[in-house]
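Reading the structure
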Amino acid sequence: MSGPRLDLALVRSRLSQLRGREYWRSLEELVGNEEFREHLQREFRVPVESGVDRRELLTLMGASIALAGLTGCTRQPTERIYPYVKPPEEIVPGEPLFYATAHVHGGYARGVLAESNMGRPTKIEGNPLHPASLGATDVFAQASVLGLYDPDRAQTITERGEIRPWSALLAAARLALEKERPRRGAGLRWLTPATTSPTFAAQMEAILGAFPEAKWIAWEPAGRDNVYAGTRLAFGEPLEPRYAFEKAQVILSLGADFLGSGPAQPRYVRDFASRRRAGDTSRLYAVESTPTLTGARADHRRPLTPSQIEDFARAVAAAVGGASGAAGSDTFAAAVARDLSEHRGAGLVIAGDGQPPSVHALAHALNQSLGNAGRTVEYTAPVLSRSDDQAAALAELTREMREGKVSTLAIVGGNPVWTAPADLRFAEAMERVPLRLRLGLYEDETARFCHWNVAAAHPLEAWSDARAFDGTATILQPLILPLYGGKSAHEFLAAFSDQPEKSGYEVVKEYWRGRLSAGDPEAAWRKAVHDGVVEGSTFAPASPTLRNVPPSAQRQTPNAPDSLTALFSPDPTVWDGSYANNGWLQELPKPLTKLTWDNAALLSPATAEKLGVSNDDLVDLLLSGRRVAAPVWVLPGQADGCVTLHFGYGRTRGGRLADGRGFDAYALRAGDGLWSREGLELRKTGGRYPLVTTQHHHSMEGRDIVRTVTAEALARDPGAVQKMGEHSPGPEDTLYPKLPTGSYAWGMSIDLSACVGCNSCVVACQAENNIPVVGKHEVSRGRAMQWIRIDRYWSGGLENPETVHQPVTCMHCENAPCETVCPVNATVHSAEGLNQMVYNRCVGTRYCSNNCPYKVRRFNFFLYSDFKSELAKMVKNPEVTVRSRGVMEKCSYCVQRINRARIAAERENRPIRDGEIVTACQQACPAQAIVFGDVGNPESAVSHARSRKTHYGLLAELGTRPRTTYLASITNPNPALSAASGAEPEGKS
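Reading guide: rules and limits
- Residues numbered from 1 in each chain as written.
- Predicted model: local features only at pLDDT ≥ 70, side-chain atom pairs only at ≥ 80, totals over all residues.
- Heavy atoms only, no water.
- Pairing = 2+ DSSP bridges.
- Helix = DSSP H or I, 4+ residues; strand = E, 2+ residues; numbered from the N terminus.
- Axes fitted to C-alpha atoms, helices over the stretch in contact; angles between N-to-C directions.
- Contact = heavy atoms within 4.5 Å.
- Buried < 20%, exposed > 50% of the residue type's maximum accessible area, 1.4 Å probe, protein only.
- Disulfide = S-S within 2.5 Å.
- Salt bridge = Lys/Arg side-chain N within 4 Å of Asp/Glu carboxyl O.
- Phe/Tyr/Trp six-rings, centres within 6.5 Å; stacked < 30°, edge-to-face > 60°.
- Lys NZ or Arg CZ within 6 Å of the ring centre and 35° of its normal.

Remarks on the sheet that holds strand 26 (residues 676-688)
Strand order in the closed barrel formed by six strands is 20-25-22-24-23-26, and the pairing between neighbours is mixed. Taken pair by pair, the neighbouring strands of this sheet meet at an average axis angle of 45°, ignoring direction. Of the strand pairs in this sheet, strand 23 (residues 617-623) and strand 26 are connected by five bridges, and their pairing is antiparallel. Each residue of the ladder has a partner; that of Leu622, found in strand 26, is Glu681.

This is the structure:
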C-alpha cells in the first residue's frame, strides 16, 4: 500500500496509549489515517477507471441475477477430448500416481513425492521416509512444479544465437579437450553451483583425473562458506553440523534462521515444533540483526548489529566458562548463560550462515563446554562438494580469466555473471575466455556472455542424485520427458568424457552399481528409486576435538554514529533469484514484511526517523563506489543502523515475471563482505516507489483474534486462554437446523504454538486448488487470491515487538453468515459441515464476502486463470474446477481429497479412517500445526486437539460456530528476564 509518509512520532504516541499486550498488524494501522481506512474498505469496490456508474452497475447486477440460471459465469473456450486408442496399463484416469524424488535447494536434497496425473506432474508432497522432509515441504519445493511448465525456459541449443544440434556441441567439446590435452588441461575450468550429487562429483573427478591441471570451482551466492570455515577454526577441519532440536531444552540462536531457511529447514521446524507442543516446552533465545521467522518464535529476542552479535557470543561464552563478571551489565547475556549452564547436555547454540567464522567457532566451543556435543549437535564430513571458501575460488578463477589463463569455461547451471560479487567484475573477465559453454534453465544474464547455451532439463525431467543435510542420498527420477529436449548436468558433463552419448539414466545407475546394499543389485536399485532413500547412505557422526578458541576482548571503538551497515540475505520467496520467474512465489507475501513482487531496503523505525525516510521513499544506496536505487520499508524489530538488502531481485534476463522487479542487491555485494559490510551511505532522491503489502488486507478491526499464553501462566490457571476473550463464547441456540446432518462432521484445528509462519501451506493450497496469480497491480487493490493468508501480529514497542503468526482459512461456520445473504444460493452447507461454493450459480454480488467476519472469500474480478496456454493447463489439478471470472472462491477443505477417501472407503465397505484425509495445507506443514478430521468422532485427532485447554474459536462470540478453530500460542519466557523487563508473564490477547 503506497500512501502518505508515516509519522513515526504519532505511532509511538499511539503505542504509549496501549494497555497490556495488545496486538497490531502494521504501522499504518496504528496511525489509523483516513487513507488506511479507505484502503480496508475497497476490496470489493468497482474500480473508478471501469467507467461504470451506480445506475449502470445496478442494471448490470439485476440482469445478472435474472439470468443466473443461464449465464452464471463466463463461457469457457470449447475444448475437445479424445480417448486413448490403447490406454497405458499403469494409468487409471482420476487416480494420481506418486513417484519418489527430491527437490534440490542450495545443493542439498529434500525428499519429495511428485504427483502425476495422466503423465503430468502437478503437485509436490514431502516424502515421509526422507530424513530431511519427514513428509513436509517448504515453499520452494511446492512451487518447483510451476517452474517445469515455465514458457520462458531455454528451449534449444544455440551457438552465438544460432540453433545447433547436440552433436555440434559434442564436437565443440571434443575439440576443446584435444587442444588442452598436451597441456594436461591447464586452460580448462568448470564452474558449477554447490552440489551434493555423488554421481556429479564422480564425473568431475574422472574429468580432472584425465586433465590434472584443470580446475573445478563451485559458487553458491547463498553458500555455507562460513559454516565450514567455523568448524575449521574450531576443530581444524571442515565439518557439517547437524542439530537435534527435539532434544534441546534451551536454544540460543546467533543470527540463525533455522525455522525459515537452511538445508534442513523442514526437518528442523518439525523437531522444534514437537517440543513446543509437548508439556516440557523448550525455550528459544534469538539475537539477530533482521527479524526472521526464528526470531518471531523466540521467547526472548534482541536486535543487534553483526559486530554486537559477536560481542554477545563472546560474553556468553565467557560467562559459561566461569569468568567473573564476563557479561558485565548485560543482564540478557547473563541470563542466557545461566540458563544454558543449568541445562547442560540439553542446550544448543547455533550460528547463522551469514555469521563470521569466529561466531560459528564460539557456538561450537559453547556446545562442547556445555556437554551438548553428541547429544543435541553432531558433526559429519562435509556434504557439499568443493565446500572450502567458494568466494576465494571464484575470485581466483576471475583473476585467471582476466590474465588469459583460461581457454575453455564450462558453466553447469547457476548464474555467476549476475550473482558473483560485484567487485570481481566477473562478466568483464569472462569475455576474455576464447570458448564459453553454458548449461542453464534460462537464457539469462550469464547466457548472454556465453558462446554455447544448452537448455537444461528441469529436475522433474531428468535422472540425478543428491544428498540431504545428513548425507542421506536420494535418486532423482523424471516424471515426464523433457518438454524442450533439455539435457541434464550429467549428460552435459558426459560431453567432456570418453563416452559423450551416455544418457543421464545410464550415468547415474552406473555410479550406484556396486554401491547399493549387498544382494540383488537390480532389486536394490529399484528399492532406492522407489523409496527415495538410499539405504545406509547417511554419514556417520565424527568425534572432532575442539581447539582452543579463547574469547577476545570486545571492541573498544564503536562504529561511527552516522555509519550504516549493509546486511545481505537471500530473499524469503525468490531466494537467490533462482525462483524469480515463478508467479506463485513472486505473489507469496514475505513472512515478516508481507511485501509481494518486490524487495526493499529494510530499516528500523529509529534509523528511518534519523534519516528522514518512510515507506515507499526511493533512496540511493552507496557502498564502496557502487550505487543502487531502492525503495524503503520500515520494519519494527530491525537493528538500528542496519539496512537489510535481500538479493534475488533486479533481474534483466530472468523471464517475463522476473525482469524489472525490485532492485539488484548483488550490485553492492563484495567478496570481502558477502553477508554484511559497514560504510553504507543512504541518500534521499525525493522519488517514491509504490510497494505492495498484503498485511492491510481483510483487517478484523482489532477484535479478539490471536491469543498467547505463557507455559507458567497456563500451569497456574488451565482456563487462562478461555478467560482472555473480552466477549462471551457465543450463543448455542439457533433457529436454523443443527448442522451437520451427515455421517461425518469435518473440522480443522491449527496450533499457533507450532506454526512458524513459513508459508508452506499457502503455496501448497495454491498448487492443489488451481489458484491463479493476479499480479502486483491487482494485489495493490486487495485482490490477492490465495485461499490461506498468514496474518502477522506485533505487540509491544517498535524497537523489538513480540511477533505472532496466524493462518486464516475459511472457517466453514455451522451458522455461516455468508449463506444467508447469497441471493442465488451459491454458497451452501453440506451435510458433512462444509461451506461449499457452487460456481455455476454465483453471479458475483459479493454479498457473502461483505458479510463474512473473517474476510476469507476471494472474488475473481478478471479472467486470472489462463485457459489458452497448453503449458498453463498442464500444471492444473484435474480434480479441481478452474474458475473463470465473476465467481467467489475460497477454502474448500480440499473437498476433492475428502471425496477420494470416501470412494476408497465405500469401495472397501468401511468408514473413513481418522487421518485418512490429509488436506494440502496439513500435508505441507513441516510443524504439523494443522489437524483435520471428523469432529463428531470423540477419538479423532482433531477432537483431541479441540479438547485441549488452549483451544478457542475465532470470533466465536458472533455465534458463527466456526469449524476451523485454534490452539493458543504457548511461550516459555525466562521468568528472570520477564520480571526485569516488566513483561506480563500471563499474556493477553
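Quick notes on the sheet that holds strand 17 (residues 452-455)
An order of 6-5-17-16-15-7-8 is seen for the seven strands of this open sheet, with the pairing classed as mixed. Among the strands making up the open sheet, the edge pair consists of strand 6 (162-163) and strand 8 (215-218). As defined by bridge partners, strand 5 (residues 157-159) adjoins strand 17 across three bridges and the pair is classed as antiparallel. Bridging from a neighbouring strand, Thr158 pairs with Asn453 of strand 17. Along the sheet, helix 6 (residues 166-180) makes contact with strand 5, strand 7 (188-192), strand 15 (408-412), strand 16 (435-440) and strand 17, crossing strand 17 at roughly 130°. Those strands touched by helix 14 (residues 390-402) are strand 7, strand 8 and strand 15, and its axis lies near 130° from that of strand 8.

Let's talk about the pairing of strand 16
The element strand 16 is largely enclosed, with a buried count of six among its six residues. The alternating pattern of strand 16 places Leu435, Leu437 and Leu439 and Arg436, Arg438 and Gly440 on opposite faces, both of which are buried. Sheet analysis places strand 15 next to strand 16, joined by five bridges and oriented parallel. By the bridge assignment for strand 16, Ala410 is matched with Leu437. Across four bridges, the pairing between strand 16 and strand 17 is parallel. By the bridge assignment, Gly440 is partnered in strand 17 with Ala455.

Overview of the state of the cysteines
Throughout the structure, instances matching the rule amount to zero disulfides. Free cysteine: Cys758, not disulfide-bonded; nearest cysteine sulfur from Cys925 at 6.2 Å. You can see Cys813 has no disulfide; the closest cysteine sulfur is in Cys810, sitting 6.5 Å from it. Judged by its relative accessible area of 6%, Cys813 falls in the buried class.

What to know about unusual backbone geometry
With a phi close to 60°, Arg184 is a non-glycine residue in the positive phi region. With respect to the element layout, Arg184 can be found in the loop between helix 6 and strand 7. The partly exposed category is assigned to Arg184, whose relative accessible area is 45%. Residue Asn770 is not a glycine yet carries a positive backbone phi of 55°. Inspection of the secondary structure puts Asn770 in the loop between helix 24 (760-768) and helix 25 (776-780). Relative accessible area serves as the criterion here: at 5%, Asn770 is assigned to the buried category.

Regarding the pattern of salt bridges
In the structure shown here, the tally under the stated rule is 52 salt bridges. Its salt-bridge partner being Arg314, residue Glu310 comes within 2.9 Å of it at the nearest N-O pair. With Glu310 and Arg314 both in helix 11 (residues 306-320) and four residues apart, this pair spans about one turn of that helix. By relative accessible area, Glu310 is classed as buried at 11%. Ionic pairing is found between Asp620 and Arg627, a salt bridge with its closest N-O pair at 3.1 Å. With relative accessibility at 17%, the residue Asp620 sits in the buried group. A relative accessible area of 49% means that Arg627 is categorised as partly exposed. Salt bridges sharing common partners tie together Lys123, Glu125, Glu768 and Arg897.

Observations concerning the packing of aromatic side chains
Applying the stated criterion to the full structure yields 26 aromatic pairs. Ring centres 5.5 Å apart and planes at 85° place the aromatic pair Trp190 and Phe496 in the edge-to-face group. Taken together, the residues Trp190 in strand 7 and Phe496 in the loop between helix 17 (489-494) and helix 18 (504-512) connect sequence positions 306 residues apart. For Trp190, a relative accessible area of 1% puts it in the buried group. Residue classification places Phe496 among the buried residues on the basis of a relative accessible area of 4%. Plain terms: the ring middles of Phe492 and Phe496 are 5.7 Å apart, the flat faces sit at 70° to each other, and that makes the pair edge-to-face. For Phe492, a relative accessible area of 0% puts it in the buried group. Ring-pair connections join several aromatic residues into one group, and the members of that group are Tyr243, Phe245, Phe258, Tyr268, Phe272 and Phe469. The ring of Trp418 is capped by Arg651, whose NZ or CZ atom sits 4.5 Å from the centre of that ring.

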